[in-house]
Amino acid sequence: MYKSIVLIPALNPPAGFVEYVGELIENGFEHILVIDDGSDKEHKKYFEQIKEFSNVAVYTHIKNMGKGRALKNGLNYAMTLWGKDSGVKGIITVDSDGQHTVDDVIKIHKALESQEEPALILGVRDFYGRDIPKKSSFGNKTTSKVFSILYGKRIRDTQTGLRGIPREYVGDYIDLKGERFEYEMNMLIYGAVNKHKIIEIPIRTIYINKNDETHFRPFADSFKIYRLIFGSFLRFIMSSLSAAIIDLSLFKIFTVILDVLSDNIQIVAATILARIISAFCNFEINKRGVFKSDGKVKPQAVKYLFLCVVQMLVSAGIVIALNHIFGGSKVIEKVIADTALFIISYQIQLKWVFK
């Protein structure tokens, strides 16, 4: 018998749903929780039928609350029901539309059970096949690349609903924001920021009727997902632009004032003086407005100061190199240097400074 809890959020599931749940039981899963997320009267009969299985519990939302809310309530309720069983390694989330085969659910269970340390297990699909709907393939590939750039973690399938969540992570995931499909993205962001181990397991790529039965709203839900992905980064851009204006203005002033010095010393001195002044404002804006961190000021300030020192030395080194090679405007060369360091600095502040 498989001890992992299977959690299935369901909204108007297909006719084969009852058979699918029965197949999970036949293959050894003894803890199955189904969340009826406000299904209509026509589909209520399926939930009544699966209640007859001794291994199944059904939790009902009177109205549709969204996949994110269904998952969070399900995680909470599942651990209440079966969390005291020491053999339960975690919870496997499964979609109700038939896209996840029982064999793949078993693969996720085995991967979850075999880990010596907690790890989020993702069942990832292959989006390079001929039969994949173009909108699904393009959307997943694009989101994967953006996620990799902003969070420094490559995940091939950011929208997979087949996930193995170790019991050690369940409490943290219940507290995450997101009521609909953006919740699953927030789970990945939280994992990347907090350096959780994430393991990808290849699964079959199944789209039924070209995914026409999905409850995903292309515009509204995509907007929420990308707003979540880009949220802190856009705030970081605005904060950095304000700091950059101060920094560049002061850099220009100091290069004029220090014109009597040699080029190399002039660049280093102007960089240091400008960065010290702009850094004070930038630290406060990033802590409270960008990353919204409630961590202690002193250790974060020390980390931020260390990052600033390293970054400005690297920036100065790049400007010196560019100036020796091209001999152009030092201000333009500094813009090039700081742009190259921008995303790297964002990831470091997100994962280390303001964690």
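This section reports on the structure supplied with the text.

Calculation notes
Residues numbered from 1 in each chain as written. Predicted model: local features only at pLDDT ≥ 70, side-chain atom pairs only at ≥ 80, totals over all residues. Heavy atoms only, no water. Helix = DSSP H or I, 4+ residues; strand = E, 2+ residues; numbered from the N terminus. Contact = heavy atoms within 4.5 Å. Areas by Shrake-Rupley, 256 points an atom, 1.4 Å probe, with all protein chains shown as cover. Lys, Arg positive; Asp, Glu negative; His and termini not counted. Charge placed at Lys NZ, Arg CZ, Asp CG, Glu CD. Core = buried A, V, L, I, M, F, W, Y, C linked by side-chain atoms within 4.5 Å. Buried < 20%, exposed > 50% of the residue type's maximum accessible area, 1.4 Å probe, protein only. Patch = residues over 30% accessible without salt bridge, like charges linked within 9 Å, V, L, I, M, F, W, Y side chains within 5 Å. Salt bridge = Lys/Arg side-chain N within 4 Å of Asp/Glu carboxyl O.

Focus on the overall build of the protein
Okay, so step 1: Scanning the protein for helices and strands turns up 11 helices and 7 strands.
Okay, so step 2: In terms of overall dimensions, the protein has a C-alpha envelope of 85 × 45 × 35 Å along the principal axes.
Okay, so step 3: Across the protein, the fraction of contacts at a sequence separation of at least 24, relative to all contacts at a separation of at least 6, is 77%.
Okay, so step 4: Accessible surface computed for the protein: about 17700 Å², of which carbon and sulfur atoms make up 60%.
Okay, so step 5: Distance from the positive charge centre (46 side chains) to the negative charge centre (38 side chains) of the protein: 6 Å.

Here's the deal with the environment of Ser-345
Okay, so step 1: Position of Ser-345 relative to the elements: it lies in helix α11 (residues 330-353).
Okay, so step 2: Placed 38 residues apart in sequence, Ser-345 and Leu-307 show a C-alpha to C-alpha distance of 8.0 Å.
Okay, so step 3: If we ignore the near neighbours within four places in the chain, the residues touching Ser-345 are Phe-236, Leu-307 and Gln-311.

Regarding the nonpolar core
Okay, so step 1: Counting residues in each nonpolar core, the largest one holds 49 residues, and the members touching the most others are Leu-75, Leu-120, Phe-147, Tyr-151, Ile-165, Tyr-173 and Tyr-346.
Okay, so step 2: With 7 residues, helix α7 (residues 182-193) is the largest single contributor of residues to this core.
Okay, so step 3: If sequence neighbours within four positions are ignored, Ile-165 has contacts with Leu-75, Lys-89, Gly-90, Ile-91, Thr-93, Leu-112, Leu-120, Val-170, Tyr-173 and Met-187.
Okay, so step 4: The next biggest cluster of nonpolar side chains, apart from the first, holds 32 residues, and it includes Val-6, Tyr-46, Val-105 and Ala-119.

Considering a negative patch on the surface
Okay, so step 1: On the surface, Glu-19, Glu-23, Glu-26 and Asp-103 cluster together into a patch of negative charge.
Okay, so step 2: For the negative patch, the element with the most residues is helix α1 (residues 17-26), which contributes 3 residues.
Okay, so step 3: Within the fold, Glu-23 resides in helix α1.
Okay, so step 4: Glu-23 sits in the partly exposed class, given a relative accessible area of 35%.

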